[in-house]
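If you want the building blocks of each chain, they are given just below.
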Amino acid sequence: MKNSVLLIYTGGTIGMVQDERGALRPFPMERIYDLVPELHRCPYRIDTCQLDRIIDSSNMSPDFWVDIAEAIEKRYDDYDGFVVLHGTDTMAYTASALSFMFKNLSKPIILTGSQLPMGVLRTDGRENIICALELASCREAYIPEVCLFFENHLYRGNRSTKVSAENFDAFCSFNFPSLAKAGIKFSFKPHLFMPSGTEPLQVRKKFDRNIAVLKLFPGITPQVVNAILHAENLHGIIIETFGSGNAPTEEWFIQAMNDALQRGIIVLNVTQCKAGAVIMGQYEASCELNRIGIIGGNDITLEAAVTKLMYLLGTYPDDLDHVRHCLQRPLRGEMTTSR
Ligand code: ASP
């Protein structure tokens with residue numbers, strides 16, 4: 001039987017055309033074959049579907065992640081793999097969210113997009129779509145992961161980050177190597193793929209949006225920190241700290257964090273650096289954070305941290321010890337274990 005891929009369109013530059021005012025807006029999926037006639041020549045079956053709402057990915061939300069997951073879940077047994085066309089702005093968030101939603105995944109789910117719309121002569125979208133489809137359709141490669149393909153690299157989705165608003169190589173995976181590279185041939189690094197589960201697929205669909213991200217900067221005031229920590233219904237917060245997880249040692253700051261922890265708010269420490277990890281206790285400036293019970297996020301990306309925290313709080317709302325436990329270890333290869 002021919003290999004097969006489901007191509008799901010969610011929006012983003014890749015599927016945009018210019019309207020009469022010159023503004024970019026999404027276009028219907030059927031046009032993909034006009035814009036990439038090469039798709040007719042692919043040796044595998046490509047079926048297409050489009051979500052009910054086509055969005056600029058700046059409007060992405062957990063409800064939309066569920067829509068994407070359900071589009072895949074419904075047809076999971078019918079295809080060898082899935083390609084999701086998505087805007088680049090929040091693609092790394094969606095890839096991370098999907099990675100947590102799909103437990104025991106045994107097929108590739110590959111997100112891709114482009115920096116230039118498909119209708120533009122120099123578009124990077126054509127290459128990205130064709131490579132993503134090749135990878136998703138290839139039974140031999142066996143990629144049981146949510147991945148992101150961009151500009152010749154296949155990345156683990158929950159390790160990737162958008163780094164450029166103008167270059168074609170718009171994504172990076174600073175703390176984990178790319179899983180495959182497209183040259184004349186694809187060169188795979190099979191030892192990097194996650195082991196696939198033998199258990200049946202489970203799709204988890206609950207996210208808790210009551211979280212916040214607090215990016216530290218020199219001179220941050222108690223008013224700002226406290227305003228965020230006292231946001232109504234706050235269940236979890238990610239503090240983006242300096243270097244290897246360092247924060248001000250001033251008493252008011254530690255006090256504010258401690259007070260939040262005492263109120264049952266989960267606090268996760270993620271570094272502002274693109275590469276490297278949080279090592280709590282390495283400097284005096286993180287010893288207190290460690291002592292009061294803030295969780296170190298190791299080398300997780302902000303995108304993976306946000307979606308993991310929403311996922312865990314949504315899935316285990318009554319078991320915060322389990323949430324804390326899971327934040328300290330990789331669930332889908334999103335962080336390194338041995339540091
Ligand atoms: N704003 C667009 C989006 O993320 C940008 C892109 O697709 O590259 O939907």
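The structure we're discussing is the one just above.
Quantities reported herein were computed from a predicted structural model and do not represent experimental measurements. (Residues numbered from 1 in each chain as written. Predicted model: local features only at pLDDT ≥ 70, side-chain atom pairs only at ≥ 80, totals over all residues. Heavy atoms only, no water.)

Undergrad: Mind showing me how you'd approach the site of the ligand here?
TA: All residues in the neighbourhood of the ligand are listed as G12, T13, D56, S57, G87, T88, D89 and S114. Within the side chain of D56, an N or O atom sits 2.9 Å from a nitrogen atom of the ligand. The contact in question runs from an oxygen atom of the ligand to an N or O atom on the side chain of S57, over 2.5 Å. Its free accessible area being 270 Å², the ligand has 90% of it covered by the protein chains. In the shell around the ligand, the residues fall into no nonpolar, 6 polar and 2 charged. (Near = heavy atom within 4 Å. Polar contact = N/O pair within 3.5 Å; in protein donor to acceptor, adjacent residues only side chain to side chain. Areas by Shrake-Rupley, 256 points an atom, 1.4 Å probe, with all protein chains shown as cover. Nonpolar A, V, L, I, M, F, W, Y, C, P; charged D, E, K, R; others polar.)

Undergrad: Looking at this structure, how should I read the nonpolar core?
TA: Core analysis: the biggest nonpolar cluster contains 56 residues, and I72, L98, F102 and I109 have the highest contact counts within it. The biggest single contributor to this core is helix α8 (residues 302-315), with 9 residues. Residue contacts for F102: discarding those within four places in its chain leaves A69, I72, I109, L201, Q202, V203 and R332. One finds I32, V83, I129 and L179 within the second-largest nonpolar core, a separate group that totals 35 residues. (Core = buried A, V, L, I, M, F, W, Y, C linked by side-chain atoms within 4.5 Å. Buried < 20%, exposed > 50% of the residue type's maximum accessible area, 1.4 Å probe, protein only. Helix = DSSP H or I, 4+ residues; strand = E, 2+ residues; numbered from the N terminus. Contact = heavy atoms within 4.5 Å.)

Undergrad: What is the right way to read unusual backbone geometry from this model?
TA: In most cases, non-glycine residues show a negative phi, while peptide bonds are predominantly trans. Not every positive phi belongs to a glycine, and N104 is a case in point at roughly 65°. With respect to the helices and strands, N104 occurs in the loop between β6 (102-103) and β7 (109-112). Phi is positive for N298, close to 55°, though the residue is something other than glycine. Examined against the element boundaries, N298 turns out to sit in the loop between β18 (295-296) and α8.

Undergrad: I keep staring at the pairing of strand β15 (residues 211-215) and nothing clicks. Help me out?
TA: Each regular strand carries side chains that alternate between the two faces of the sheet. Two elements, β15 and strand β16 (residues 236-241), share 5 bridges in a ladder whose sense is parallel. Within β16, the residue paired with K215 across the bridge is E240. Remark: the β15/helix α5 (residues 222-229)/β16 crossover connection has right-handed handedness. (Pairing = 2+ DSSP bridges. Right-handed = clockwise from strand over helix to strand, strands pointing away.)

Undergrad: Help me understand helix α7 (residues 284-292), please; the structure alone is not making it clear to me.
TA: Helical geometry note: an α-helix holds 3.6 residues per turn, so side chains three or four residues apart project in the same direction. Here α7 has its buried residues at S286, L289 and I292. Viewed end-on, α7 has its buried residues packed into an arc of 120°, placing them on one side of the element. Turned more than 90 degrees off the buried face of α7, the exposed positions are E284 and R291. Lining the buried residues of α7 we find β16, α6 (251-262) and β17 (266-271). Of the residues flanking the end of α7, it is G293, one or two places downstream, whose phi is positive at about 110°. (Arc of directions from axis to C-beta.)

Undergrad: Sorry, what's going on with the layout of surface pockets here?
TA: Which parts of space are left empty comes out when a probe the size of a water molecule is rolled across the atoms. A volume near 280 Å³ is recorded for the largest pocket. Lining the largest pocket are 16 residues, with V278, G296, N298, Q328 and M335 sitting closest to its centre. Residues of the lining of the largest pocket, tallied by class, amount to 7 nonpolar, 7 polar and 2 charged. (1 Å grid on protein atoms, 1.4 Å probe; cavity = no way out; pocket = protein on both sides within 12 Å on 5 of 7 lines; lining within 4 Å. Points joined across faces, edges and corners; volume = space filled by probe spheres on them.)

Undergrad: Help me understand the packing of aromatic side chains in this model?
TA: The description of an aromatic ring pair rests on the distance of the ring centres and on the angle between the ring planes. Summed over the entire model, instances satisfying the criterion amount to 7 aromatic pairs. On the numbers, 5.7 Å between centres and 85° between planes, the contact of W252 with F253 is edge-to-face. Of the residues examined, W252 reaches a relative accessible area of 22% and is grouped as partly exposed. A connected cluster of aromatic rings, assembled from ring pairs, spans Y76, Y79 and F82. Taking the ring centre of Y76 as reference, the NZ or CZ of K107 above it sits at 4.9 Å. (Phe/Tyr/Trp six-rings, centres within 6.5 Å; stacked < 30°, edge-to-face > 60°. Lys NZ or Arg CZ within 6 Å of the ring centre and 35° of its normal.)

Undergrad: Looking at this structure, I do not really get the side chain of T112. What am I missing?
TA: Mapped onto the fold, T112 is located in strand β7. Judged by relative accessible area, which is 0%, T112 ranks as buried. Reaching out from T112, the side chain makes a polar contact with the backbone oxygen of F149 at a distance of 2.7 Å. Dropping the residues within four chain positions of it, T112 is found in contact with V83, V84, L85, H86, M91, N128, I129, A132, F149 and F150.

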